[in-house]
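# Results of the structural survey
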Amino acid sequence: MLSNKSALLSNQPSSLSGQPSATLTVSQLNRQVKQLLETQYPAIPVRGEISTLSRPASGHIYFTLKDANAQIRCAMFRSQLANNKYSPKQGDEVLVFGRLSLYEGRGDYQLIVTSMQPIGDGALQTAFFQLKERLAAEGLFDEVHKKPLPADIQRVGIVTSATGAALHDILTVLERRCPALEVILYPTQVQGNEAAATLVQAIECANARDEVDILIVGRGGGSLEDLWCFNTEPVVRAIYHSVLPIISAVGHEVDVSIADFVADIRAATPSQAAELVSPDQYELMQRFDQGEQRLLSAISRLIRNQGQLLVSLSKRLKNPAVTVQEGFATLSGLQVRLNRAIARPLLQHQQQLDGLQRRLGQVSPQLTIERDRRMLMQSEQRLQRALDGMLERKKGRFQQLIGKLNLLSPLATLERGYSITRDSQGTVIQQSHQVQVGGEIETLLKDGKIISIVERIL
């Protein structure tokens, strides 16, 4: 550092009274100071309290870091802020890492922050509580959104690492308690930068396939850093939006994740989650034994009751031989009544049939047809005579009308030497005012017609 400062001072005047060996502009001076600061302080930790925090639309943040006696301007760019799990706020005491630089335009020196964490609980713990408070305010943890444990679970889905201890613990418990329960694994990462994305993908895949009754989402124990993917917002929202009920089984009993708050059911360990979804086969056997005993007791009671009923009915039952004799006697009486009932209508019908045959003999169809034929012939003869007389009368009337028509026919008038005059429209001219001078008229004669032009009218 001393050598760089000497180089900077060498550009100052050689003496207070002499002429400067080299004159610097303000820009040159600020640039050299900036280079010196960035070279001598490339990465330093600084502790202080955040003040005058601002977040412009660019996504960067600007703030002042201060203690009891001094302060320094700080800037943290958007790319560095995106990689930082902690979200700073006004008044926080923090430990920042960064490099010193100088803003040449104003000559202000500042600290360019590359990472930041709160002092006290730590960055992850603070980020945990910040996200938890924000999601709780949105209502994601409310009981009204939580789905109950299904009553009859036939198939269980597990979202965890295929090689982790959590899967082994879950399968061990399920094998011991209920080997018949089906299990489907949706393998995923549970630690590292890609874990959150693969967890979300596995939960969404299980919901899309809709092949299980419930999901267990979790992993074995670890540090807060190891379990951090279960504290990320995408995973928490994927659990919240799941249609399938979800049991959160993250870490050991002392471990708490935000996934525990949003899940429908929280299990202290993966093994406990397996116990929640599986009935104990020994308990089932006891229940089956109890059911069997109740069934046997019910069957015995039914047999006993039916036996008593049978004894009671047997006492009321008559001797079969007596019953058969009574039946035969009753049948004989019914047969006599039946024969009488059949014979009486038959006799009546026979008498009716004999009467109808006699009446039919008196009214023979052949006689009726012969009589009708004679009447038809007589009617035809009368009709023919009436038609002949009518035809003669019509002929005489027709001859009379022809004679009258000849008397009145214009042609008969022409035959007698007269003529008929008509105008150009064919109207017979009877008076002189029907024609005009120069008009054309037509005169009909017996053997032809004459076309004339009117020269004068007298």
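Details of the structure are given in the entry above.
What comes next is a walk through the structure. (Residues numbered from 1 in each chain as written. Predicted model: local features only at pLDDT ≥ 70, side-chain atom pairs only at ≥ 80, totals over all residues. Heavy atoms only, no water.)

### Quick notes on the pairing of strand E8 (residues 214–219)
Of all the six residues making up E8, six are buried; the element is thus mostly covered by neighbouring parts of the structure. Here E8 shows two buried faces, one formed by Ile214, Ile216 and Gly218 and the other by Leu215, Val217 and Arg219. As judged from the four bridges shared by strand E6 (residues 155–160) and E8, these two strands associate in the parallel manner. Each bridged residue has a counterpart across the sheet, and for Gly157 the counterpart in E8 is Leu215. Where E8 lies against strand E9 (residues 246–250), five bridges are found, and the strand directions are parallel. Each bridged residue has a counterpart across the sheet, and for Arg219 the counterpart in E9 is Val250. The parallel pair E8 and E9, bridged by helix H7 (residues 233–241), forms a crossover whose chirality is right-handed. (Buried < 20%, exposed > 50% of the residue type's maximum accessible area, 1.4 Å probe, protein only. Helix = DSSP H or I, 4+ residues; strand = E, 2+ residues; numbered from the N terminus. Pairing = 2+ DSSP bridges. Right-handed = clockwise from strand over helix to strand, strands pointing away.)

### A look at the packing of helix H5 (residues 165–177) against helix H9 (residues 270–277)
At a minimum axis separation of 8 Å, H5 and H9 run at an interaxial angle of 35°. Like other packed secondary-structure pairs, H5 and H9 cross with a definite hand, here right-handed. Residues Ala166, Asp169, Ile170, Val173, Leu174, Arg176 and Arg177 of H5 pack against Pro270, Ser271, Ala274, Glu275 and Val277 of H9. Looking at the contact of H5 with H9 residue by residue, the classes come out as seven nonpolar, one polar and four charged. (Axes fitted to C-alpha atoms, helices over the stretch in contact; angles between N-to-C directions. Left-handed = near helix turned anticlockwise from the far one by under 90°. Contact = heavy atoms within 4.5 Å. Nonpolar A, V, L, I, M, F, W, Y, C, P; charged D, E, K, R; others polar.)

### A few points about the sheet that holds strand E1 (residues 44–54)
Taking strand neighbours around the barrel as the criterion, the five strands line up as E1-E2-E3-E5-E4 in a closed arrangement whose pairing is mixed. Mean inter-strand twist for the sheet, computed between neighbouring axes without regard to direction, equals 55°. As paired strands, strand E3 (residues 71–76) and strand E5 (residues 108–118) are joined by three bridges and run parallel to one another. Along E5, the bridge assignment pairs Arg73 with Gln110. Packing of helix H2 (residues 26–40) onto the sheet brings it into contact with strand E4 (93–103) and E5, and relative to E4 it is tilted by some 145°.

### As for the sheet that holds E8
Taking strand neighbours across the sheet as the criterion, the five strands line up as E7-E6-E8-E9-E10 in an open arrangement whose pairing is parallel. A strand with exactly one partner marks an edge of an open sheet, and here the two such strands are strand E7 (182–187) and strand E10 (265–266). Pairing of E9 with E10, which is carried by two bridges, proceeds in the parallel orientation. For Ile247, the partnering residue across the bridge sits in E10 and is Ile265. Sheet strands touched by H5: E6, E7 and E8. Its angle to E6, the strand with the most contacts, is close to 160°.

### Overview of H7
Of all the positions in H7, only Val235, Val236, Ala238 and Ile239 are classed as buried. Viewed along the axis of H7, the buried residues span an arc of 160°, placing them on a single side of the element. (Arc of directions from axis to C-beta.)

### Section: the environment of Phe129
For Phe129, the position within the fold is in helix H4 (residues 123–138). As a C-alpha pair, Phe129 and Leu310 span 181 residues in sequence and 77 Å in three-dimensional space.

### Describing the pairing of E3
Sheet topology note: the strand E2 (residues 61–66)/E3 ladder contains six bridges and is antiparallel. Within E3, the position partnered with Lys66 by the bridge is Gln71. Hairpin connection between E2 and E3: a loop of four residues separates the two successive antiparallel strands.

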